[in-house]
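# Per-entry structural report
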Amino acid sequence: MNTKTAFFRQRKSRFPKIVIALATTISAMAVSGPALADSCWTHNGSLMRLQAQGNQRWLSYERPRQQLRAAGVRRGTLLFDGYKTGDWYSGTARVFSKYCPGNPLTYAVEGPVRGDQLQVTVRGTRQVFRQCQPTGQYKTDTLVFTYSHQC
């Protein structure tokens, strides 16, 4: 066997290994890279849009219920932003008031994702305001988001 033939045989036997290594690398990059998601969820009479990039999560109003429109809530208004770690959400929620349009109260929330991944429930304690003034009272809010469909 001449050197040229030996060279091509050696190249042929390496080629599948290189292709496999390249495919494995690309596949690993896709898994470890940022995940993107876009789905619609119901919450308290409103339709919400969940957007995700990697572990970051945003829930904004897609179709706010009528009472929220008086508080300045429109399509795209952010209700929650935070992170998903395993089956747990944590982040910041907002409360809207017609007395303080454009100035939502923010507070920390956290909670589990249901086992089937179709419901998220977060809870947090926030200060109670009356016509944009703090009352010195606190209450715990529970926000439940239930999967509806792909947006």
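Just so it is clear, the model here is predicted, and its values are computed rather than measured. (Residues numbered from 1 in each chain as written. Predicted model: local features only at pLDDT ≥ 70, side-chain atom pairs only at ≥ 80, totals over all residues. Heavy atoms only, no water.)

## Things to note about the side chain of threonine 77
Positionally, threonine 77 belongs in the loop between helix 2 (66-69) and strand 4 (78-85). Here arginine 74 takes part through its backbone oxygen, which lies 2.9 Å from a polar atom of the side chain of threonine 77. (Helix = DSSP H or I, 4+ residues; strand = E, 2+ residues; numbered from the N terminus. Polar contact = N/O pair within 3.5 Å; in protein donor to acceptor, adjacent residues only side chain to side chain.)

## Description of the packing of aromatic side chains
Across all of its chains, the model carries three aromatic pairs by this definition. For the pair tryptophan 41 and tyrosine 147, a centre-to-centre distance of 5.5 Å together with 85° between the ring planes defines the contact as edge-to-face. Note that tryptophan 41 is positioned in strand 1 (residues 36-43) and tyrosine 147 in strand 8 (residues 133-150), a separation of 106 residues in sequence. A centroid spacing of 6.1 Å and a plane angle of 75° characterise the contact between tyrosine 61 and phenylalanine 96, whose relative ring orientation is edge-to-face. Note that tyrosine 61 is positioned in strand 3 (residues 56-63) and phenylalanine 96 in the loop between strand 5 (88-95) and strand 6 (105-112), a separation of 35 residues in sequence. Across the pair, phenylalanine 96 and tyrosine 61 agree in class, each one buried. (Phe/Tyr/Trp six-rings, centres within 6.5 Å; stacked < 30°, edge-to-face > 60°. Buried < 20%, exposed > 50% of the residue type's maximum accessible area, 1.4 Å probe, protein only.)

## A short note on the pattern of salt bridges
Under the criterion given, the structure shown has seven salt bridges. A salt bridge links aspartate 116 to arginine 114, with the nearest nitrogen and oxygen atoms 3.0 Å apart. With a relative accessible area of 40%, aspartate 116 lands in the partly exposed category. With relative accessibility at 38%, the residue arginine 114 sits in the partly exposed group. Residue arginine 126 pairs with aspartate 141 through a salt bridge whose shortest N-O separation is 2.5 Å. Taken as a pair, arginine 126 in strand 7 (residues 119-130) and aspartate 141 in strand 8 lie far apart in primary sequence, 15 residues in all. (Salt bridge = Lys/Arg side-chain N within 4 Å of Asp/Glu carboxyl O.)

## Section: the pairing of strand 2 (residues 46-53)
In terms of residue burial, strand 2 counts as a mostly covered element, since six of its eight residues are buried. Two strands pair when backbone bridges link them, and strand 2 and strand 3 are joined in this way by seven bridges, in the antiparallel orientation. By the bridge assignment, leucine 47 is partnered in strand 3 with arginine 63. Connecting strand 2 to the next strand, strand 3, in antiparallel fashion are two residues, including glycine 54 with a positive phi near 60°. (Pairing = 2+ DSSP bridges.)

## Overview of the pairing of strand 5
Direction of pairing for strand 4 relative to strand 5: antiparallel, over a ladder of six bridges. Following the sheet pairing, glycine 82 is matched in strand 5 by glycine 91. Hairpin geometry of strand 4 and strand 5 is characterised by an intervening segment of two residues between the two adjacent antiparallel strands and by a positive phi of about 60° at glycine 86. Two strands pair when backbone bridges link them, and strand 5 and strand 6 are joined in this way by eight bridges, in the antiparallel orientation. Opposite alanine 93, over in strand 6, you have tyrosine 107 as the bridge partner.

## Description of the state of the cysteines
As enumerated under the stated definition, the model contains two disulfides in all. Here cysteine 40 engages in a disulfide with cysteine 151; their sulfurs sit 1.9 Å apart. Handedness here is read from the sign of the S-S torsion; for cysteine 40 and cysteine 151, about 120°, the answer is right-handed. Within this pair, whereas cysteine 40 is found in strand 1, its partner cysteine 151 is found in the segment after strand 8, the two being separated by 111 residues in sequence. On the accessibility criterion, cysteine 40 (2% relative accessible area) is buried. Cysteine 151 gets classed as partly exposed once you look at its relative accessible area, which sits at 38%. With its disulfide-bonded cysteines labelled consecutively along the sequence, the chain is connected as 1-4, 2-3. (Disulfide = S-S within 2.5 Å.)

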